[in-house]
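Reading the structure
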Amino acid sequence: MIRVLLADDQALVRTGFAMILGAEADFEVVGEAGDGEQAVQAAGRLAPDVILMDIRMPRLNGIEATRRLLAGGRGAPPPRVLILTTFDQDEYVYEALRAGASGFLLKTVPADQLVAGVRTVAGGEALLAPAITRRLIEAYTSRGAPAPGPPRGYDELTAREREVLTLLARGLTNAEIAAELVVEPSTVKSHVAAVLLKLGVRDRVGAVVLAYESGVVRPGVA
């Protein structure tokens, strides 16, 4: 069973998502939270696998709640956080990705895509909507301070792994990267795993954010 916690300040939104997910045999909605403080507390009690987290909530917003939930030193593996947003260019989405969220979905997403998204994140993968995510990350990293230089672990990447990182930053899937490099998808999967390990990031989202923030990939040039 995939244990899901719903965090949104709108009761109707929580009810709708609970009905959709509860209809699936492999999902269990273990709790609901109306703000970020409640989400953090409920996660500690209920140990969900995935938290559907709204960004804009009272008392504690979804970004800070995500940051607290994914901070190290808690012992047990932290839950995966899937951000919910109304607009795909919400400036707070990028901050949530920086905080460690595994991806985001629009609140207007069709039911089947919501279910598939939660399953993807629960399986340990990041949920990237390639074009939207790349545009979002480019938009906000281009406004920041000058890039600090290659991140820790970048020097350990092979030439091919650096190439894979650049293609990840362009929003390509494993299959698309395999076609681009003319290799087997299984080979790409191994390269991606090596990139994540060497850079010390949890998933593809973390790798993409790090690539842009460090200047390894420049907005509009990836």
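Residues numbered from 1 in each chain as written. Predicted model: local features only at pLDDT ≥ 70, side-chain atom pairs only at ≥ 80, totals over all residues. Heavy atoms only, no water.

1. As for the pairing of strand E3 (residues 50–54)
Judged by how many residues are buried, E3 sits mostly within the fold: five of five residues are covered. The alternating pattern of E3 places Val50, Leu52 and Asp54 on one face and Ile51 and Met53 on the opposite face, and all of these are buried. For strand E1 (residues 2–7) and E3, the ladder comprises four bridges, and the chain directions are parallel. Along E3, the bridge assignment pairs Ala7 with Met53. Judged from the five bridges that link them, E3 and strand E4 (residues 80–85) form a sheet pairing that is parallel. The residue bridging Val50 from the neighbouring strand is Arg80, located in E4. (Buried < 20%, exposed > 50% of the residue type's maximum accessible area, 1.4 Å probe, protein only. Helix = DSSP H or I, 4+ residues; strand = E, 2+ residues; numbered from the N terminus. Pairing = 2+ DSSP bridges.)

2. Describing the sheet that holds E3
The five strands are arranged E2-E1-E3-E4-E5 in an open sheet whose pairing can be described as parallel. The sheet is open, and its two borders are formed by strand E2 (27–33) and strand E5 (104–106), each paired with just one other strand. For this sheet, the mean inter-axis angle between neighbouring strands, taken without regard to orientation, is 25 degrees. When E1 meets E2, the two strands line up parallel, connected through six bridges. Looking across to E2, one finds that Leu5 is bridged to Gly31. Where helix H1 (residues 11–22) meets the sheet, it contacts E1, E2, E3 and E4, and its direction lies at approximately 165 degrees from that of E2. Those strands touched by helix H2 (residues 36–46) are E1, E2 and E3, and its axis lies near 160 degrees from that of E1. (Axes fitted to C-alpha atoms, helices over the stretch in contact; angles between N-to-C directions. Contact = heavy atoms within 4.5 Å.)

From the geometry alone we can't say anything about function, so treat these as descriptive.
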